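Reading the structure
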Amino acid sequence: MIELRYFAWLRERIGADREMISTDAATIADLIAELRGKSDAHDLVFSDLSSVRAAVDQELVDLDHPVKGAHEIAFFPPMTGG
Amino acid sequence: MIELRYFAWLRERIGADREMISTDAATIADLIAELRGKSDAHDLVFSDLSSVRAAVDQELVDLDHPVKGAHEIAFFPPMTGG
Amino acid sequence: MAVDVRVQAAPFDLGAEISNFVEAATGAGAVVSFTGLVRDLPDQSLAHMEIEHYAGMTEKALGAIAAEALARWPLIRVLIIHRYGILAPSDQIMMVATASPHRKAAFESADFLMDYLKSRAPFWKKEACHDARAEWVESKDEDEAALARWVTP
Amino acid sequence: MAVDVRVQAAPFDLGAEISNFVEAATGAGAVVSFTGLVRDLPDQSLAHMEIEHYAGMTEKALGAIAAEALARWPLIRVLIIHRYGILAPSDQIMMVATASPHRKAAFESADFLMDYLKSRAPFWKKEACHDARAEWVESKDEDEAALARWVTP
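Not measured: the values here are computed from a predicted model. (Residues numbered from 1 in each chain as written. Chains lettered and ligands numbered in written order. Predicted model: local features only at pLDDT ≥ 70, side-chain atom pairs only at ≥ 80, totals over all residues. Heavy atoms only, no water.)

Here the focus is the confidence of the model for chain C. Across chain C, the average pLDDT comes to 96, with 99% of residues at 70 or higher. Two summary scores accompany this predicted model of the complex, namely pTM at 0.96 and ipTM at 0.95. (pLDDT = per-residue confidence, 0-100.)

Shown next, in the form of structure tokens:
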């Protein structure tokens, strides 16, 4: 099982800050394609990938990063710190 | 009469922080040439013009700046503030 | 300790932080600090700002950014403090400080820390208005572009 | 007052100055400060540093530099404090602070102030060693070259 984490407007639109999934997706992009089928909200937040960032076990990754071995995968918009 | 001011090592080598002069020099460069005749110390401090800066009435100027109208002319090495 | 990274909801005492930072920066000739403040909206409609962050990842990301700065410049100390939670207009959001023997290194590394922190540390700002509207602050393309300045060819 | 320039022999309280500066910078989103400290010599031989200045011209030159920064960047406040007289290793020599709505303007203008102040404000530093030797600090060619960065083509 992998724990998914959502932040900022992804969290608000999905209506949850985390969910557990099991998946055979090879890459983060594959996982996203899978997640879009879960609900209209999921489909919506992942409809524009240019505004989605992903982290695997708290390290920022590209969307072609492998899913295998991940314990925690987070999705969020571009960061706005500082 | 014009008041000359000296700072830092120019002041130390000339042995005075100010002197009054009257001059017909047209430019600061002309004034420097005149001052070099005053003493060995004057001659020495003005021997390398790349390490001398001048201010007329507290404004930094180039060596071709006119002397006429000046009340206070200062000579000093390149500044090292900050 | 050369690197001090803090992520906290509580306010920080900017003056005391900078004094302490300089005090402990033995051998420094130059200290640069940057402080980020909550700015009101152009029509003065901002009620408050809410900052969300990814606890755990935030500390790692800031630590990695500070370590990268230490690797690139001769720094004696680096301090990063970043708040999260609800902040009012004019509140201090965050600060960075760098101490170096040299002026250029202190300036460049503080600038670098800010560029990276802005686009690589997991913080998200939401602006809540007096009329109850609330909007997530959008990242700017220029923030991402700013990182290109620091890529060594 | 938007511009505050002080030339003084007395120490200044860096923390209090920055706190007060930020407090009064209404509308600022970014505050950058630079602090210059007396650095010991490589062989720890520095007894003290003496800073000579041209009273009268110094205040004018710093005021002109601050005014130029205000003309170039959207600044809310500018502070420059520079000491003269006898200073010990680690003593604070000077500080500048800039406050702007924008981060880039705050960074650039503080950097600009330092570049100009270094080569255009009439201060001269002399380093006195424990063995009674004393040497005037020489200006660096790079300091003059740094000014070229700010010449708009």
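Here we take up the side chain of Gln8 of chain C. For Gln8 of chain C, the location among the structural elements is in strand E1 (residues 3–8). If sequence neighbours within four positions are ignored, Gln8 of chain C has contacts with Ile81, His82, Arg83 and Tyr84 of chain C. (Helix = DSSP H or I, 4+ residues; strand = E, 2+ residues; numbered from the N terminus. Contact = heavy atoms within 4.5 Å.)

Let's shift gears to the packing of helix H1 (residues 14–23) of chain C against helix H1 (residues 14–23) of chain D. Viewed as axis vectors pointing N to C, H1 of chain C and H1 of chain D meet at an angle of 145 degrees, and their least axial separation amounts to 7 Å. Here H1 of chain C runs over H1 of chain D; the crossing is right-handed. Counting all contacts with H1 of chain C, which are made through Leu14, Gly15, Ile18, Ser19 and Val22 of chain C, the residues of H1 of chain D involved are Leu14, Gly15, Ile18, Ser19 and Val22 of chain D. Among the residues forming the contact of H1 of chain C with H1 of chain D, the class breakdown is 6 nonpolar, 4 polar and no charged. (Axes fitted to C-alpha atoms, helices over the stretch in contact; angles between N-to-C directions. Left-handed = near helix turned anticlockwise from the far one by under 90°. Nonpolar A, V, L, I, M, F, W, Y, C, P; charged D, E, K, R; others polar.)

This next bit is on the nonpolar core. Ranked by internal contacts, the top residues of the largest apolar core, which has 71 residues, are Val96 of chain C together with Val96 of chain D. With residues near it in sequence (within four places) discarded, Val96 of chain D still touches Val32, Ser33, Phe34, Leu79, Ile80, Ala110, Leu113, Met114 and Leu117 of chain D. (Core = buried A, V, L, I, M, F, W, Y, C linked by side-chain atoms within 4.5 Å. Buried < 20%, exposed > 50% of the residue type's maximum accessible area, 1.4 Å probe, protein only.)

This paragraph deals with the sheet that holds strand E8 (residues 134–136) of chain D. Strand-to-strand pairing in sheets goes through backbone hydrogen bonds, with the strands running parallel or antiparallel. All names here are of chain D. With respect to topology, 4 strands assemble into an open sheet ordered E5-E3-E7-E8, the strand pairing being antiparallel. The sheet is open, and its two borders are formed by strand E5 (85–87) and E8, each paired with just one other strand. Between one strand axis and the next, the sheet turns by 25 degrees as a mean value, whatever way the strands run. (Pairing = 2+ DSSP bridges.)

Turning our eyes to something else, we now look at the packing of helix H2 (residues 57–72) of chain D against helix H3 (residues 103–120) of chain D. Residues and elements named next belong to chain D. Running from N to C, H2 and H3 cross one another at 155 degrees; their axes reach a closest spacing of 10 Å. Considered as vectors, H2 and H3 are oriented roughly antiparallel to each other. When the axes of H2 and H3 are compared, the crossing they make is right-handed. Contacts between H2 and H3 involve Ala61, Leu62, Ile65, Ala66, Glu68, Ala69 and Arg72 from the former and Phe112, Leu113, Tyr116, Leu117 and Arg120 from the latter. Class assignment of the residues belonging to the contact of H2 with H3 gives a composition of 9 nonpolar, no polar and 3 charged. (Parallel < 35°, antiparallel > 145°, perpendicular 65-115°, else oblique.)

With an axial shift of 0.0 Å and an RMSD of 0.0 Å, the rotation relating chain D to chain C amounts to 180 degrees. Expressed as a symmetry operation, the mapping of one chain copy onto the other fits a two-fold axis. In terms of C-alpha distance to the rotation axis, chain D has Gly15 of chain D as its closest residue, with the C-alpha 1.8 Å off the axis. Taken as a fraction of all interface residues of chain D, those also at the interface in chain C reach 100%, which identifies the copy contact as same-surface. (Least-squares fit on C-alpha atoms with pLDDT ≥ 70 in both.)

The tally for this structure, following the rule as stated, stands at 34 salt bridges over all chains. We note a salt bridge from Asp115 of chain C to Arg149 of chain C, for which the minimum N-O separation is 2.7 Å. Highlighted residues: Asp115 of chain C in helix H3 (residues 103–120) and Arg149 of chain C in the segment after helix H4 (141–147), separated in sequence by 34 residues. As a salt-bridge pair, Arg103 of chain D and Asp143 of chain C come within 3.8 Å of each other at their nearest N and O atoms. Within this pair, whereas Arg103 of chain D is found in helix H3, its partner Asp143 of chain C is found in helix H4, the two belonging to separate chains. A single burial state applies to Arg103 of chain D and to Asp143 of chain C, both of which are buried. A single salt-bridge network, built from bridges that share partners, covers Arg103 of chain C together with Asp111, Asp115, Asp143 and Arg149 of chain D. (Salt bridge = Lys/Arg side-chain N within 4 Å of Asp/Glu carboxyl O.)

Take the interface of chain D and chain C next. Listed per partner, the contact involves 30 residues of chain D and 30 residues of chain C. Summed over both partners, the interface of chain D with chain C comes to about 2400 Å²; 60% of that surface belongs to carbon and sulfur atoms. Of all residues in chain D, Arg39, Arg103 and Phe107 of chain D bury the most surface against chain C, accounting for 28% of the area lost on that side. Run the count over chain D and chain C and you get 4 salt bridges. Here Arg103 of chain C ties to Asp115 of chain D by a salt bridge, and the two come within 2.8 Å at their closest N and O atoms. Seen at the junction of chain D and chain C, the total is 11 residue pairs in polar contact (both at pLDDT 80 or more). Contributions of two or more residues to the side of chain D that touches chain C are made by H1, strand E2 (30–37) and H3 of chain D. Take the side of chain D that touches chain C: its biggest share by element is 8 residues, from E2 of chain D. Of the residues belonging to the side of chain D that touches chain C, the class tally is 14 nonpolar, 9 polar and 7 charged. Note: strand E2 (residues 30–37) of chain C against E2 of chain D, 7 bridges, orientation antiparallel. Note that in E2 of chain D the partner of Ala30 of chain C across the bridge is Gly36 of chain D. (Buried area = accessible area lost by both parts, 1.4 Å probe. Polar contact = N/O pair within 3.5 Å; in protein donor to acceptor, adjacent residues only side chain to side chain.)

Our focus in this paragraph is the packing of aromatic side chains. Evaluated as defined, the whole model comprises 24 aromatic pairs over all chains. With a centroid separation of 5.0 Å and 80 degrees between ring planes, the pair formed by Phe46 of chain A and Phe75 of chain A is classed as edge-to-face. Within this pair, whereas Phe46 of chain A is found in the loop between helix H3 (40–45) and strand E3 (53–56), its partner Phe75 of chain A is found in strand E5 (residues 72–76), the two being separated by 29 residues in sequence. Judged on exposure class, the residue Phe46 of chain A and its partner Phe75 of chain A are both buried. Taking 5.2 Å as the distance between ring centres and 65 degrees as the angle between the ring planes, the aromatic pair formed by Trp73 of chain D and Phe112 of chain D counts as edge-to-face. Here Trp73 of chain D, found in the loop between H2 and strand E4 (77–83), pairs with Phe112 of chain D, found in helix H3; they are 39 residues apart in sequence, far enough to count as distant. Across the pair, Phe112 of chain D and Trp73 of chain D agree in class, each one buried. Joined through ring pairs, the aromatic side chains of Phe7 and Phe76 of chain A together with Tyr54 and Trp124 of chain C make up one cluster. (Phe/Tyr/Trp six-rings, centres within 6.5 Å; stacked < 30°, edge-to-face > 60°.)

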